[in-house]
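Now for the letters of each chain:
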Amino acid sequence: MATPANSVERKQQRQIPVCTPLLDGRERAYVDDCIDTNWVSSMGDYIPRFEGAFAKICQAPYAVACSSGTAAIHLALETLDIGPGDEVIIPSFTLIVSANMVCLTGATPVLVDVDPDTWCIDPALIEARITPRTKAIMGVHMYGHPCDMEPILAVARRHKLFVVEDAAQAHGAKYRGQAVGAIGDVGAFSFYANKIITTGEGGMLVTRHQAIAERAALLRNQAFEEERFLHHHVGFNYRMTNIQAALGVAQCERLEEKIRRKRQIAAIYDELLVDEDDLQRPAAAAGCEPVYWMYGLVLRDGFGRSKREVRETLADRGIETRSFFIPMHRQPVFQGQHRRWPDLRGNFPVSEFLGEKGFYLPSGLDLTRDDQERIVEQLLLCKR
Ligand SMILES: Cc1ncc(COP(=O)(O)O)c(C=O)c1O
């Protein structure tokens, strides 16, 4: 039998994951319904229900469910007819999906550095990277913090460019009162298991434009048309299943609650770290209502320890963290040695700095205040 001392020790040792999905609503009932009614594939009521619920969250008239956030980004670019010879501006600090999907269309990603405070694409640096081949600007709402959309839209208007929002990490975040995703021409969300709402795997394209939504729905389903097996376009199997959508409907019902919780977790970290000048914390930019998907930190020199040392020490103490992205200009695949993929090397100091010094703390919806106090205590013990 465990003695009290042992249980205290075990409690101290509880592994704290960086994130866990929370399926505590009507998920099981809805999935059971799919099984009971035999609607388990990509037809069934939950798909339009999920699309409707998510469109509402995004204050957008159209939402098209698909198999992943990656698929949603690819569909977004395809609906804008982006292809060989085109350029798409993306942030250098992002998940490689942004660059990969541009490459997959045959277009070339063009990198722009990010803002040191918001970690999102720096609008002031975009115009210098525009060429006659530029077709779109893709902003990534990093870690749940909206990009500064107004100057991005202004530069896009001046040069007649499309604006794509990668909102994979930012469900429900708002920019000047408007939900992210459909502020630009087309937006993409991910429902991977670590996202604020999840369908296991899954994605959603959102837009204000009927033509974009119709084309996305067509391309998601092999470009099948009325006359079966006659095709005017190259399409894909990017369909979402009814079972995934059933999870999505249940998750949408609790989105507000989940966002509240994410903000509360961020507020507790902010409170516990308020005196730590050697750590840069996430900043809510003016006019933005971020959703704090993950709580990122950037080590300043005064902290006296490298990111690797801090993360390894925390891991030894049962606390999982995740490194920030390695920027695109540092990716071996984009160093000019591949026949098919572009050379993206360049000078992007903020992305470089964030990639070197940034990581995020556990941010799962099941974190307790005790967990957060333990995480911060152990983090500060790393300090030299
Ligand atoms: C910024 C960003 N874009 C795109 C994706 C891709 O989403 P998925 O994993 O659903 O394909 C992710 C996933 O984590 C992401 O963080």
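Before reading on, note that the structure itself is shown above.
Let us look at the structure shown here. What you see is a predicted model, and the numbers here were worked out from it, not measured in a lab. (Residues numbered from 1 in each chain as written. Predicted model: local features only at pLDDT ≥ 70, side-chain atom pairs only at ≥ 80, totals over all residues.)

1. Notes on the nonpolar core
Heads up, the rule is: We define a nonpolar core as a collection of buried residues of the types Ala, Val, Leu, Ile, Met, Phe, Trp, Tyr and Cys that are connected via C-beta atoms lying within 7 Å of each other. Our exposure labels follow a C-beta count within 10 Å of each residue's own C-beta, placed from the backbone: buried means 20 or more other C-beta atoms, exposed means 12 or fewer, and partly exposed covers the counts in between. To qualify as a helix, a DSSP run of H or I must reach at least 4 residues; to qualify as a strand, a run of E must reach at least 2; elements of each kind are numbered from the N terminus. Each domain's extent was defined by an automatic or database domain assignment. We call two residues in contact when the distance between their C-beta atoms, placed using the backbone, is within 7 Å.
Ranked by size, the top nonpolar core spans 118 residues in total, and within it Ala63, Cys66, Ala72, Ala76, Ala136, Met204 and Leu205 carry the most contacts. At 7 residues, the largest contribution of residues to this core is made by helix α8 (residues 242–253). Counting only domains with at least three residues in this core, you end up with domain 1 (4–14 + 255–381) and domain 2 (27–253). Ignoring sequence-local partners within four residues, the contact set of Leu205 consists of Val64, Cys66, Ala72, Leu75, Ala76, Val186, Ala188 and Ala216.

2. Notes on the pairing of strand β14 (residues 358–361)
To keep things clear, this is the line we draw: Following DSSP output, two strands are said to pair if at least two bridges run between them.
Inspection of the sheet shows strand β12 (residues 295–299) paired to β14 by 4 bridges, in the antiparallel sense. Bridge pairing in β14 places Val298 opposite Gly358. Note that strand β13 (residues 322–323) and β14 share 2 bridges and pair antiparallel. Following the sheet pairing, Ser323 is matched in β14 by Phe359.

3. Quick notes on the sheet that holds β14
Ordered by their spatial adjacency, 4 strands build an open sheet running β10-β12-β14-β13, and the pairing between neighbours is antiparallel. Across the chains shown, the open sheet's two edge strands, defined by having one partner strand only, are β10 (279–280) and β13. Two strands pair when backbone bridges link them, and β10 and β12 are joined in this way by 2 bridges, in the antiparallel orientation. Paired with Gln280 across the two strands is Val298, which belongs to β12.

4. Quick notes on the sheet that holds strand β7 (residues 178–179)
Spatial strand order, β7-β6-β11: 3 strands in an open sheet with antiparallel pairing. In this open sheet, the two strands that pair with only one neighbour each are β7 and β11 (288–289). Bridging between strand β6 (residues 174–175) and β7 involves 2 bridges; their strand directions are antiparallel. Residue Lys174 lies in a different strand from β7, and its bridge partner there is Ala179.

5. Points about the site of the ligand
Put simply, the rule is: We call a residue near a molecule or strand when the C-beta position, derived from backbone atoms, sits within 6 Å of it. Gly is put with the polar residues, along with every residue not named as nonpolar or charged; the nonpolar set is Ala, Val, Leu, Ile, Met, Phe, Trp, Tyr, Cys and Pro, and the charged set is Asp, Glu, Lys and Arg.
Close to the ligand lie 13 residues; Ser68, Gly69, Thr70, Ala168 and Ser190 are nearest. Considered class by class, the residues forming the shell around the ligand number 5 nonpolar, 7 polar and 1 charged.

6. Examining α8
In plain terms, the rule: The span you would expect from a helix comes to 1.5 Å times its residue count less one.
When the terminal C-alpha atoms of α8 are compared, their 17 Å separation across 12 residues agrees well with the 16 Å that a helix rising 1.5 Å per residue should span. All of the buried residues in α8 are Asn242, Ile243, Gln244, Ala245, Ala246, Leu247, Gly248, Val249, Ala250, Gln251 and Cys252. Each element contacted by the buried residues of α8 is listed here: α2 (27–37), α3 (46–57), β1 (62–66) and α9 (255–272).

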